[in-house]
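Here is how the chains run, residue by residue.
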Amino acid sequence: GENVEQHPSTLSVQEGDSAVIKCTYSDSASNYFPWYKQELGKRPQLIIDIRSNVGEKKDQRIAVTLNKTAKHFSLHITETQPEDSAVYFCAASSYGQNFVFGPGTRLSVLP
Amino acid sequence: DTEVTQTPKHLVMGMTNKKSLKCEQHMGHRAMYWYKQKAKKPPELMFVYSYEKLSINESVPSRFSPECPNSSLLNLHLHALQPEDSALYLCASSLGQGTANQPQHFGDGTRLSIL
């Protein structure tokens, strides 16, 4: 089955700096890669996603890159703000089946 | 606004009780999911329903019994649970399985405590 690894497990950055979180997956059949932000006590919220036919996607301060050959994808947050502090999960799925989440990254943005 | 509604928000039950968790969405989504999330861990997929049929059961113990009465509703029936089943139970929905690969929308979850 699919296995998703995620690094780092914790990340602290100064406000205004960039943050990068990296994930790797094992199943070459995976073709959909969402990223979720989860604040304490709240539900996971989709922040960006990428499909396997695309190498990069950007939405304002957030971008995701995908390298299918190497089976890894990354989340980039620029100009970080304190409200970006949360746990971020990457996930991989094949045709909507078997969503497998990475272990999560706790991001702290220091003012 | 949460487009996927879960009830109850909190549930405390004994190991001999029978209870049900409910999930509802009115977005016309045809795939619905149950996840279990322990503290400081990622969500773990339990069940997937596609077009009201169970398509994935991730080897979940039979004390958890899912039900999809119609395309908008998803239930999780609980019976004889163990203390280690205490967790946040999340429901999610997506447009449909297949080539669409549409994103999942999560509900706020039910926080379950087993005494």
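Further up the page is the structure itself.
Let me sum up the structure you'll find in this document.

Criteria and cut-off values
Residues numbered from 1 in each chain as written. Chains lettered and ligands numbered in written order. Predicted model: local features only at pLDDT ≥ 70, side-chain atom pairs only at ≥ 80, totals over all residues. Heavy atoms only, no water. 1 Å grid on protein atoms, 1.4 Å probe; cavity = no way out; pocket = protein on both sides within 12 Å on 5 of 7 lines; lining within 4 Å. Points joined across faces, edges and corners; volume = space filled by probe spheres on them. Nonpolar A, V, L, I, M, F, W, Y, C, P; charged D, E, K, R; others polar. Helix = DSSP H or I, 4+ residues; strand = E, 2+ residues; numbered from the N terminus. Buried < 20%, exposed > 50% of the residue type's maximum accessible area, 1.4 Å probe, protein only. Contact = heavy atoms within 4.5 Å. Buried area = accessible area lost by both parts, 1.4 Å probe. Salt bridge = Lys/Arg side-chain N within 4 Å of Asp/Glu carboxyl O. Polar contact = N/O pair within 3.5 Å; in protein donor to acceptor, adjacent residues only side chain to side chain.

### Details of empty space enclosed by the protein
Tallying each qualifying case throughout the model produces 2 cavities of 30 Å³ or more. Roughly 40 Å³ of volume is contained in the largest cavity. Every residue along the wall of the largest cavity is listed here: His29(B), Arg30(B), Ala31(B), Met32(B), Tyr49(B), Tyr51(B), Glu52(B), Cys68(B) and Ser71(B). Grouping the amino acids of the lining of the largest cavity by side-chain chemistry returns 5 nonpolar, 2 polar and 2 charged. Estimates place the volume of the second largest cavity at around 30 Å³. Every residue along the wall of the second largest cavity is listed here: Lys37(A), Gln38(A), Glu39(A), Lys42(A), Arg43(A) and Gln45(A). For the lining of the second largest cavity, the class distribution of residues is no nonpolar, 2 polar and 4 charged.

### Describing unusual backbone geometry
Each neighbour pair has its own omega, and for His7(A) with Pro8(A) the value is -5 degrees, a cis peptide bond. The omega angle of the peptide bond from Thr7(B) to Pro8(B) is -10 degrees, so this bond is cis rather than trans. Mapped onto the secondary structure, Pro8(B) falls in the loop between β1 (4–7) and β2 (10–13). Despite not being glycine, Glu79(A) has its phi angle at roughly 45 degrees, a positive value. Position of Glu79(A) among the secondary structure elements: in the loop between β8 (72–77) and β9 (86–94). A positive phi angle is found at Ala80(B), which is not glycine, with a value near 55 degrees. For Ala80(B), a relative accessible area of 30% puts it in the partly exposed group.

### Some points on the interface of chain A and chain B
Each partner contributes residues to the interface: chain A has 21 residues there, and chain B has 25 residues. Carbon and sulfur atoms make up 51% of the area that chain A and chain B hide from each other, which totals about 1800 Å². The interface formed by chain A and chain B includes 1 salt bridge. For Arg43(A), the salt bridge identified is with Asp108(B), shortest N-O distance 3.2 Å. Between the two partners, chain A and chain B, sit 4 residue pairs in polar contact (both at pLDDT 80 or more). Sorting the residues of the side of chain A that touches chain B by element identifies β4 (32–38), β5 (45–51), β9 and β10 (97–101) of chain A as the ones contributing at least two each.

### Some details on the pattern of salt bridges
Residues and elements named next belong to chain A. Applying the stated criterion across every chain, the model contains 6 salt bridges over all chains. Linking Lys57 and Asp49 is a salt bridge whose minimum nitrogen-to-oxygen distance equals 2.7 Å. Residue Lys57 is classed as partly exposed on the basis of its relative accessible area, which comes to 32%. Residues joined by salt bridges that share partners form a network here, namely Asp49, Arg51 and Lys57.

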